Amino acid sequence: MTTGRASLKNVSTTVLAELREAIASGRLRAPIDRASLVGFGIRHQIDAIEYALAGHKTAACLAVLDVALAEREDRKPTPELVWTGPEAPAGTARDTAVVLRALFEGARESVILAGYSFDHAKEVLAPLHGSMLQHNVSARFFVDVPQIERGADVEAHLARCFGKFLAENWPFGEPRPRVYYDKRALKPGPPYCSMHAKCVVVDGVKAFVSSANFTQRGQERNIEVGVLIEDPSFASYLGGQWLGLIDAGIAGEYVAG
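Residues numbered from 1 in each chain as written. Predicted model: local features only at pLDDT ≥ 70, side-chain atom pairs only at ≥ 80, totals over all residues. Heavy atoms only, no water.

Participant: Looking at this model, I keep getting lost on the overall build of the chain. Mind explaining?
Facilitator: In terms of regular secondary structure, the chain is built from 9 helices and 9 strands. Taking the principal axes of the C-alpha coordinates as reference, the chain spans close to 55 × 55 × 35 Å. Counting all 257 residues of the chain, 43% fall into the buried class. The long-range fraction of contacts in the chain, counting pairs at least 24 apart against all pairs at least 6 apart in sequence, stands at 73%. (Helix = DSSP H or I, 4+ residues; strand = E, 2+ residues; numbered from the N terminus. Buried < 20%, exposed > 50% of the residue type's maximum accessible area, 1.4 Å probe, protein only. Contact = heavy atoms within 4.5 Å.)

Participant: I tried to follow the sheet that holds strand 5 (residues 178-182) on my own but got confused; where do I start?
Facilitator: Sheet strands associate in pairs through backbone hydrogen bonding, adopting either a parallel or an antiparallel arrangement. The mixed open sheet is built from 9 strands, whose spatial order is 2-1-8-7-6-3-4-5-9. Since the sheet does not close on itself, it has two edges, and those belong to strand 2 (94-95) and strand 9 (251-254), each with one partner. Bridge count for strand 1 (residues 80-84) against strand 8 (residues 224-229) is 5 bridges, and the pairing is antiparallel. Following the sheet pairing, W83 is matched in strand 8 by V225. Those strands touched by helix 6 (residues 122-135) are strand 3 (110-115) and strand 4 (138-143), and its axis lies near 145° from that of strand 4. (Pairing = 2+ DSSP bridges. Axes fitted to C-alpha atoms, helices over the stretch in contact; angles between N-to-C directions.)

Participant: Quick question: what am I supposed to make of the packing of aromatic side chains here?
Facilitator: The geometry of two aromatic rings is summed up by the distance between their centres and the angle between their planes. Enumeration over the complete set of coordinates arrives at 9 aromatic pairs. On the numbers, 5.1 Å between centres and 10° between planes, the contact of F118 with F214 is stacked. Remark: F214 occurs in the loop between strand 7 (206-210) and helix 8 (216-221) and F118 occurs in the loop between strand 3 and helix 6; sequence separation between them is 96 residues. For the pair shown, F118 and F214 are each scored as buried. Ring centres of W170 and F172 lie 5.0 Å apart, and the angle between their planes is 80°; on these two criteria the pair is classed as edge-to-face. (Phe/Tyr/Trp six-rings, centres within 6.5 Å; stacked < 30°, edge-to-face > 60°.)

Participant: Please clarify how a negative patch on the surface should be interpreted in this entry.
Facilitator: A surface patch of negative charge is lined by E87, D95, E123 and E220. Relative to the helices and strands, E123 resides in helix 6. (Patch = residues over 30% accessible without salt bridge, like charges linked within 9 Å, V, L, I, M, F, W, Y side chains within 5 Å. Areas by Shrake-Rupley, 256 points an atom, 1.4 Å probe, with all protein chains shown as cover. Salt bridge = Lys/Arg side-chain N within 4 Å of Asp/Glu carboxyl O. Lys, Arg positive; Asp, Glu negative; His and termini not counted. Charge placed at Lys NZ, Arg CZ, Asp CG, Glu CD.)

Participant: Please clarify how helix 7 (residues 154-169) should be interpreted in this entry.
Facilitator: Because the α-helix completes a turn every 3.6 residues, residues three or four places apart line up on one side. An ideal rise of 1.5 Å per residue puts 22 Å on 16 residues; helix 7 measures up with 22 Å between its terminal C-alpha atoms. All of the buried residues along helix 7 are H157, L158, C161, F162, F165, L166 and N169. Looking down the long axis of helix 7, one finds its buried residues gathered within 140° of arc, a one-sided arrangement. Away from the buried face of helix 7 by more than 90 degrees, exposed residues E155, R160, K164 and A167 are located. Contact partners of the buried residues in helix 7: helix 6, strand 4, strand 5 and strand 9. The N-cap residue of helix 7 is D153: its side-chain oxygen and the backbone nitrogen of E155 are 3.3 Å apart. (Expected span 1.5 Å × (residues − 1). Arc of directions from axis to C-beta. Polar contact = N/O pair within 3.5 Å; in protein donor to acceptor, adjacent residues only side chain to side chain.)

By themselves, these observations are geometric and do not establish any function.
What follows is the structure in structure tokens.
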């Protein structure tokens, strides 16, 4: 259960617990197959779940899930405080810029990044480009796009926003991250919306959530606070939230014309 396709390590604890309750109560009947999982509402990590449970009777499915949940109980990750700005002499928080660099340099498979404000962030993002070059890491960015003005051309608006974004923050060329935006920003307000989240998910196992924007002020001078969580269940769940926006058609991908 801990190796290969059968691994449940990246399936969130919440999903495992809900699956166990559904199987135990009979709402989800064994043997489990893909169709029943989809009907139950499973979208992320469905291959791992199907491989681990398919073909088993109810008792075996419950045993598999009990072991996986017990392992989570035995492995309680400690969130780590991340800080930008001055702190008391006895402070032990890690620096925001240092944490981001380590996350990007350590990436081996994928990075999901969401940010509201970027200001000449090439120094912050350069380690990620290095990992994309050296380790074929895939990157998806979810970035804020100003709400379009009434009567403006949508394609021109997107080209202007993302042309500026890439020129100022990703001057490295290929490989480039895939960039996404909130489609609701393409309708004139009111109401208005912003992509205001600031977080990073690396390889589906590490998650960093912060108040700091991807700016020099946010990384070096402001007082900002964040948390680094090295928990595969939480990280995969957070990453799934962002990928779910793509699946649901809420987030659109910008492709240069």
